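Structure at a glance
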Amino acid sequence: MKANRRNKKVTWDDFESLRDNMKLPLRVGVELRIDSKVRAGSHGLNDTNIRGVTANMADIDPVVPRDGRYISEGDNQSRAQVTMIGNDLVSQLFPALTLSATNC
């Protein structure tokens, strides 16, 4: 709690300045995590961890998706409405997909 009060929130301008001016790091990215409700059609889940990342996170994050991919710079530039979700969300928000996948 004390660290949250003491530490300054990093802005997008701060990120761009760090990215453009730091000499030693190979890459600089941003990640924001929140817990919120997610919904798809009539299915919804509370307290879901949502993680927003910069397009270069695929090069930084040690977690490699089994299927799919991270958001790309092209997605950012075109303002594509895309996301990557985990298996738990797929099975809970899209049960028909889970059933059809198990029947294959």
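Bear in mind the structure is a predicted one, so any value in this text is a computation, not a measurement.

**Things to note about the overall build of the chain**
Counting its regular elements, the chain contains six helices and two strands. For the chain, the sequential pattern of α-helices and β-strands runs α-α-β-β-α-α-α-α. Each of the 104 residues in the chain was classed as buried or not, and the buried ones make up 13%. In the form shown here, the chain has an accessible surface area of approximately 8,800 Å², with 53% of it arising from carbon and sulfur atoms.

**What to know about unusual backbone geometry**
Of note in this structure, Asp47 is not a glycine but carries a positive phi near 50°. Mapped onto the secondary structure, Asp47 falls in strand S2 (residues 43–53). Given a relative accessible area of 68%, Asp47 falls into the exposed group. Here the phi dihedral of Arg79 falls at roughly 55°; this positive angle occurs in a residue that is not glycine. On the secondary structure map, Arg79 appears in the loop between helix H4 (73–78) and helix H5 (87–93).

**Describing the pairing of strand S1 (residues 31–40)**
Examined bridge by bridge, S1 and S2 share nine bridges and lie antiparallel to one another. Across the sheet, residue Arg39 finds its bridge partner in S2, namely Gly44. Taking the residues that link successive antiparallel strands as the turn, the S1-S2 hairpin has two residues, and the phi of Gly41 there is positive, at about 60°.

**Notes on the side chain of Thr54**
Mapped onto the secondary structure, Thr54 falls in the loop between S2 and helix H3 (57–60). What makes Thr54 buried here is its relative accessible area of 8%. Ignoring anything within four residues of it in the chain, the contact list for Thr54 reads Trp12, Phe15, Gly29 and Val30.

**Section: the packing of aromatic side chains**
Scanning the entire structure with this criterion turns up one aromatic pair. Judged by centre distance (4.8 Å) and plane angle (50°), the ring pair of Trp12 and Phe15 falls under tilted. In this pair, Trp12 and Phe15 are both assigned in helix H2 (residues 12–21), three residues apart and thus about one turn of the helix distant. On the accessibility criterion, Phe15 (4% relative accessible area) is buried.

**Let's talk about the confidence of the model for the chain**
Of the residues in the chain, 89% have a pLDDT of 70 or more, and the chain-wide mean is 83. Across the chain, the secondary-structure element scoring lowest on mean pLDDT is helix H6 (residues 95–102), at 62, and the one scoring highest is H4, at 91.

What counts as what
- In this numbering scheme, every chain counts its residues from 1 along its sequence in written order.
- In keeping with the predicted nature of the model, local features appear solely for residues at pLDDT of at least 70, side-chain atom pairs appear and are counted solely at 80 or more, and the whole-chain, interface and lining totals rest on all residues.
- By convention in this description, side-chain values take in all heavy atoms of the structure and omit both hydrogens and water.
- A run of H or I in DSSP counts as a helix once it spans at least four residues, and a run of E counts as a strand once it spans at least two, with each numbered from the N terminus.
- Accessibility here uses a 1.4 Å probe with only protein chains present; expressed as a share of the type maximum, an area under 20% marks a residue as buried, one over 50% as exposed, and anything in between as partly exposed.
- Using a 1.4 Å probe, the Shrake-Rupley method yields the accessible areas, and only the shown protein chains count as cover for residues.
- For two strands to be treated as a pair, DSSP must find no fewer than two bridges joining them.
- Any two residues whose heavy atoms approach within 4.5 Å are treated as being in contact.
- Here a Phe, Tyr or Trp ring, Trp counted by its six-membered ring, pairs with any other such ring whose centre lies within 6.5 Å, and the pair is stacked when the planes are under 30 degrees apart, edge-to-face when over 60, and tilted otherwise.
- pLDDT measures how confident the predictor is about each residue, on a scale from 0 to 100.

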